[in-house]
Amino acid sequence: MRLKQQRLIWRLFGVVWLVFVTINTAQARPVKQSPLPPPLTTKQEMSAHTDDLRTLMQQLYTEYPDELAKSTQVGPREMTEWVFDGKANWKFEGIRRLQGTAAISLVFDPAFTGDHIMALVVGLETLLFTAYGSQNEFEIPPERDRPRLAKLQCQLRSVQSRLQANTQAGMLLSQSFARQQVDQALSSVLQRLQAQHLAICS
């Protein structure tokens, strides 16, 4: 009986010792870190921003067909493609040929009765490629103008703040779906900018 107990004790000791050795060996091994993805080029960044805004425009036109009807009788996808891929050079009569912050300001103007979705997306897109030093989203130079991109972050955060403060009934951005989708798109763009170690707007 004692012999069996001794054998059992030795077996338990052996198991504990093996577990201890295994843990120490695992801890001693260097942790393999997965390589970080290479940073995006300026053209890749701008392309990703543009994809976000394309998605945003189509989502908003789908949800708010009355806004779409102010500009066209075609569907949300066709209208989005025309805005981004057409030959209007980002100057649309429906929003007074305005771009950048001037176009965005129409979204918050109670007197503006035109297409708020076009004003918002065209304003954001032109604001973006101008900050990258181009007149369109295709001819983006490889160098980053960091002060200009830092200013861009401030401008986008300002749009987010105005979005949260906008409570006028009947306006596009007073609708919860619109506010949520716009905020998500802006957050995606801002995260991408900050990932490139750019100055963050305070």
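Preceding block: the structure.
Report follows, based on the coordinates. (Residues numbered from 1 in each chain as written. Predicted model: local features only at pLDDT ≥ 70, side-chain atom pairs only at ≥ 80, totals over all residues. Heavy atoms only, no water.)

The next subject is the packing of aromatic side chains. One pass over the full model with this rule turns up five aromatic pairs. Connected via pairs of aromatic rings, a cluster forms that spans Trp82, Phe84, Trp90, Phe92 and Phe129. (Phe/Tyr/Trp six-rings, centres within 6.5 Å; stacked < 30°, edge-to-face > 60°.)

So, on to the packing of helix α2 (residues 42-63) against helix α8 (residues 176-195). It is the contact of α2 with α8, at a shortest axis distance of 10 Å, that shows an interaxial angle of 175°. Looking at the two axes, α2 sits roughly antiparallel to α8. Residue-level contacts link Glu45, Ala48, His49, Asp52, Leu56, Gln59, Leu60 and Glu63 of α2 to Phe177, Ala178, Gln181, Val182, Ala185, Ser188, Val189, Arg192 and Leu193 of α8. Grouping the constituent residues of the contact of α2 with α8 by class yields nine nonpolar, four polar and four charged. (Axes fitted to C-alpha atoms, helices over the stretch in contact; angles between N-to-C directions. Helix = DSSP H or I, 4+ residues; strand = E, 2+ residues; numbered from the N terminus. Parallel < 35°, antiparallel > 145°, perpendicular 65-115°, else oblique. Contact = heavy atoms within 4.5 Å. Nonpolar A, V, L, I, M, F, W, Y, C, P; charged D, E, K, R; others polar.)

Moving on to helix α6 (residues 116-131). Residues lying three or four places apart along an α-helix face the same way, a consequence of the helix completing one turn every 3.6 residues. With 16 residues, α6 extends 22 Å between its outermost C-alpha atoms, agreeing within 8% with the 22 Å of an ideal straight helix rising 1.5 Å per residue. A large share of α6 lies buried, amounting to 15 of its 16 residues. At the C-terminal side of α6, Gly133 shows a positive phi close to 85°. (Expected span 1.5 Å × (residues − 1). Buried < 20%, exposed > 50% of the residue type's maximum accessible area, 1.4 Å probe, protein only.)

These figures capture arrangement, not role.
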